[in-house]
Structures are given as structure tokens and as C-alpha cells.
Amino acid sequence: MSSSPTPFPRPNARDAAALEYAVEARLDLRHRLRRNRKSDWARRLVRENTLTVDDLIWPIFLVEGRAHREPVASMPGVFRLSVDEAAAEAERAAELGIPALALFPFTDPALRDAHGSEALNEGNLVCRATKLIKERTPQIGIVTDVALDPYTSHGHDGLMEGERILNDETVATLAAQALLQARMGADVIAPSDMMDGRVGAIRLALDDAGFHDVQIMAYAAKYASAFYGPFRDAVGTSKTLVGDKRTYQMDPANAREALREVALDLEEGADMVMVKPGLAYLDICWRVKDTFGVPTFAYQVSGEYAMIAAAAERGWIDGERAMTESLLAFKRAGCDGVLTYFAPRVAEALRRG
Ligand code: PBG
């Protein structure tokens, strides 16, 4: 930009007062960024990022029963679904073009124990849902969560000894859980537990059993966050959780450590990595994508969903626009896709155009 002499008068400075002001303020109006924003076609032409249905992974909550759906109080518009209902939603998701679903169970409290044994039960909700969905809608990807929290009486992701979360013993159980899920037909194993070494152990277990094509999406940089609150309601761990998860999930104050976590998970064999939560951690998404250039995902978690949904319910924000804007932010930050409870709604909105 040139500074002097002031490049005025300009033919498009309409009236004398405006011209005088422009001269006085020494505005350099050779550069008018507003030109590219002047109409819808022009904005579309220069748009840097686009949200499409291919960017979506839809997390679904499972519960016992038949033809049964129950609302999650802290997540307006989200339901726990019986396995048959989940299979019906999977069909709808496939029709909408959503590439994949992520499954989370609300385990009957009577089935939860200190060891999370139900995680290894072939008849558990996730196993049954995976089988049924793969039978009926094989074209949709199934992502299964590997962690013990929906199955333990104490609500932690790992096994405990006193107040301590055991790492290596937990990893052995997680590898067995992953193997079971793969046998049921899971396409992507997503360890969300944040134990050390679990990606490598899971990869080894899968390969040993011949599941070379089962992918691993590592919750690589998962923070100890307040934004998981509504999820814990949905899977029924908020009341039972003893203490917090700060000895295994990351400190929200750290960014560089996230790069170490991602580097290790990739080295151990992760095919895709995830940052979680989403919006408050866009800087991490950007750094991860920028540093490694691998398939990078964000989880727009339950608390983020709840904030938008609750404000929209009260008429305080335009819910649909906030939803789209928040998801576009992940694309801008370099993410290849997002796990979001808004998935079916976004897919429908995108279809409407
Ligand atoms: C637990 C798990 C959590 C979420 C996904 N897997 C919660 C936690 O770590 O306590 C959170 C998802 C959300 O909040 O939407 N393994």
C-alpha cells in the first residue's frame, strides 16, 4: 500500500462530504475487500472452506429395549435408542450420505462392575448394534469407542487399584474390547481412554487376528474437560464417577504436549487422529493438521452441542446458523471431519441447500 500522496479524488467517492472525509483520513481505497463479498455468487466463488455431508460422523447413544427412544435431558434433540431404532437411524443416515456412525452405550447399572466386564460381553449393546447395522446397512461406517467408562461401576475409563487408574492392565482389557468389536464388524476402532501405549497394543491385537483392514481413529489429544457433562448423563456415568479424569486426560493448559500424543499414536499405528473437545481446542486442531498432515478429526462434544441447542431453544441464537458456523470452523482449522450430534440435522440442511 502506498502512503503518500493520498490517491484521491476517486470516481467512486460519491459525494463531496465522503470525498473530503476520505482525503482527510488518508484512506487508501485501492484495496476494497468488500468487492468480493458483494453478492452471493461472488462470496461462493472465493469461499475457502466448505462443509459437506462427507465431513460428518454421527455419535449415537444405545439403550436396552425395543422400538424405544428416550430423550437425553441435557441434550435437547438427542435420544438414547434401542438397537432396532439405532439400526433404523443408521439407514436414514446412509440415505442422507453420512459416512459413519459412532456408537456409545447406556449400560444397565446392574451390569456395571469394577472391571467393566460387560465391555467384553459379546451380547452387549455396542456388539448387537454393530452386528445389526452392518447386516442391514453395510455401506455405512461403524466407529466403536474403546474405553471402559460406560461399563465400570466407578465410571473411569480404566481399571482401578485404590484411587489409581492402572495403565498396562487397562491396555490389555482395551485390546480385548477392540478385538471383540472388530469381530462384530466394527470398521473403525476409536480408543478414547487416553492410556499410554493402547494404540500399539490394539493394532497388534487386530493384526494378529487378521483384522488388517480395521482402522484406528485415536482420540489422540483428549482433554480433561468440563464439556463432557451431558455425555456422562447420556451414558449414565455422571452420578457414579469417582473423582475426575485428570491423571489420564490432558491438561487444558497444554498445546505442545498434544503434538507428542499425536506423534506417539501415529507411530503406534493410528490411521486417523482426533482432538477433543472441539471449539475450545481449534488451535490444537490446526497445529496437529499443520504438523502431521494426517487425517485429523475433531469431536464437537456434548457440552458444545448442549450450549448451542439450549440457547437456540430459548431463542437467544439462531440454532441452525450457529450449528453450521461452528462446524465450518473445524474445516477452517484444518479438520477433515467432525463427530457431531448435529450430523443428521446438518445433513438435512445441506440437502435443502
Ligand atoms: C469416554 C468418552 C467421553 C466422551 C466420549 N468418550 C467422556 C469422558 O471422557 O468422560 C465424551 C463425548 C461427549 O462429551 O460428547 N471414554
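Look up: the structure comes first, before these words.
Attention here is on the structure that accompanies the text. (Residues numbered from 1 in each chain as written. Predicted model: local features only at pLDDT ≥ 70, side-chain atom pairs only at ≥ 80, totals over all residues. Heavy atoms only, no water.)

**Focus on the overall build of the protein**
Here is the rule: Each helix is a run of H or I in the DSSP string that is no shorter than four residues. Each strand is a run of E no shorter than two, and both are numbered from the N terminus. Between buried and exposed lies partly exposed: a residue is buried under 20% and exposed over 50% of the maximum accessible area for its type, with that area taken using a 1.4 Å probe on protein chains only. In this analysis, two residues are considered to be in contact whenever any of their non-hydrogen atoms come within 4.5 Å of each other. Computed with the Shrake-Rupley method and a 1.4 Å probe, the accessible areas treat only the protein chains shown as cover for residues. The charged-residue count follows a simple rule in which Lys and Arg add positive charge and Asp and Glu add negative charge, with His and chain termini not counted at all. Charge positions come from single atoms, namely NZ of Lys, CZ of Arg, CG of Asp or CD of Glu.
If you tally the helices and strands in the protein, you get 12 helices and 12 strands. Judged by the C-alpha coordinates and their principal axes, the protein covers about 80 × 40 × 40 Å. A buried classification covers 51% of the 353 residues belonging to the protein. For the protein, the share of sequence-separated contacts (at least 6 apart) that also reach a separation of at least 24 residues comes to 74%. Surface exposure of the protein reaches about 17,100 Å², of which carbon and sulfur atoms provide 52%. Here the protein contributes 42 positive and 51 negative side-chain charges, whose respective centroids are spaced 10 Å apart.

**A few points about the pairing of strand 9 (residues 215-222)**
So the rule is basically this: Pairs of strands are assigned from DSSP output, requiring at least two bridges between the strands. By definition, the crossover connecting two strands over a helix is right-handed if that path, from the first strand to the second, turns clockwise as seen with the strands pointing away from the viewer.
Counting buried positions along strand 9 yields seven of eight residues, so the element is predominantly enclosed. Across two bridges, the pairing between strand 8 (residues 188-191) and strand 9 is parallel. The partner of Ile189 across the bridge, within strand 9, is Ile216. Regarding topology, helix 6 (residues 198-208) serves as the crossover connection from strand 8 to the parallel strand 9, and that connection is right-handed. Bridge count between strand 9 and strand 10 (residues 272-276): five bridges; the pairing is parallel. Bridge pairing links Tyr219 to Met274 in strand 10.

**Considerations on the site of the ligand**
Operational definition: Here, proximity means that at least one heavy atom of the residue falls within 4 Å of the molecule or strand. Contacts described as polar in this section are N or O atom pairs within 3.5 Å, which, within protein, must combine one atom able to donate a hydrogen with one able to accept it, while residues neighboring in sequence count only if both atoms come from side chains. Cavities and pockets were defined on a 1 Å grid built from protein atoms only: a cavity is a group of points that admits a 1.4 Å probe but offers it no way out, a pocket is an open group of points flanked by protein on both sides within 12 Å along at least five of seven lines, and a lining residue is one with an atom within 4 Å of any such point. To qualify as sitting in a cavity or pocket, a molecule needs more than half of its atoms within 2 Å of the grid points. Only Asp, Glu, Lys and Arg are considered charged in this grouping, and only Ala, Val, Leu, Ile, Met, Phe, Trp, Tyr, Cys and Pro are considered nonpolar; every other residue, Gly among them, is considered polar.
The local shell around the ligand holds 18 residues, among which Ser192, Arg232, Lys276, Ser302 and Tyr341 are the closest. In this structure, Lys245 approaches the ligand through a side-chain N or O atom, which is 2.8 Å from an oxygen atom. Here Lys276 contributes a side-chain N or O atom positioned 3.3 Å from a nitrogen atom of the ligand. Contact with the protein chains covers 100% of the free accessible surface of the ligand, which is 400 Å². Using a 2 Å cut-off from the grid points, one finds that the ligand occupies the largest cavity. Among the residues forming the shell around the ligand, the class breakdown is eight nonpolar, three polar and seven charged.

**So, the packing of helix 3 (residues 83-96) against helix 4 (residues 125-136)**
For the record, the criterion: Angles shown run from 0 to 180 degrees and are taken between the N-to-C directions of axes, each axis being a line fitted to C-alpha atoms and, for helices, limited to the stretch in contact. With respect to orientation, any angle under 35 degrees is reported as roughly parallel, any angle over 145 as roughly antiparallel, any angle of 65 to 115 as roughly perpendicular, and every other angle as oblique. Throughout, a crossing is termed right-handed when the near helix is turned clockwise from the far one, and left-handed when it is turned anticlockwise from it by less than a right angle.
Following both chains from N to C, one finds helix 3 and helix 4 inclined at 40°, their axes separated by 9 Å at the closest point. The orientation of helix 3 with respect to helix 4, classified from their angle, is oblique. Seen from above, helix 3 lies across helix 4 with right-handed handedness. In this structure, helix 3 contributes Val83, Asp84, Ala86, Ala87, Ala88, Ala90 and Glu91 to the contact, and helix 4 contributes Leu125, Arg128, Ala129, Leu132, Ile133 and Arg136. Partitioning the contact of helix 3 with helix 4 into residue classes produces nine nonpolar, no polar and four charged.

**A short note on the pattern of salt bridges**
This is how it is decided: For this document, the term salt bridge refers to a Lys or Arg side-chain nitrogen within 4 Å of an Asp or Glu carboxyl oxygen.
Taken as a whole, this structure holds 21 salt bridges when the rule is applied. The residue Asp55 makes a salt bridge to Lys331 at a minimum N-O spacing of 2.9 Å. Residue Asp55 is located in the loop between helix 2 (40-46) and strand 1 (56-62), and its partner Lys331 is located in helix 11 (residues 319-332); the two are separated by 276 residues in the primary sequence. Since its relative accessible area comes to 16%, Lys331 is described here as buried. A network of salt bridges, in which partner residues are shared, links Arg69, Glu85, Glu89, Arg92 and Glu348.

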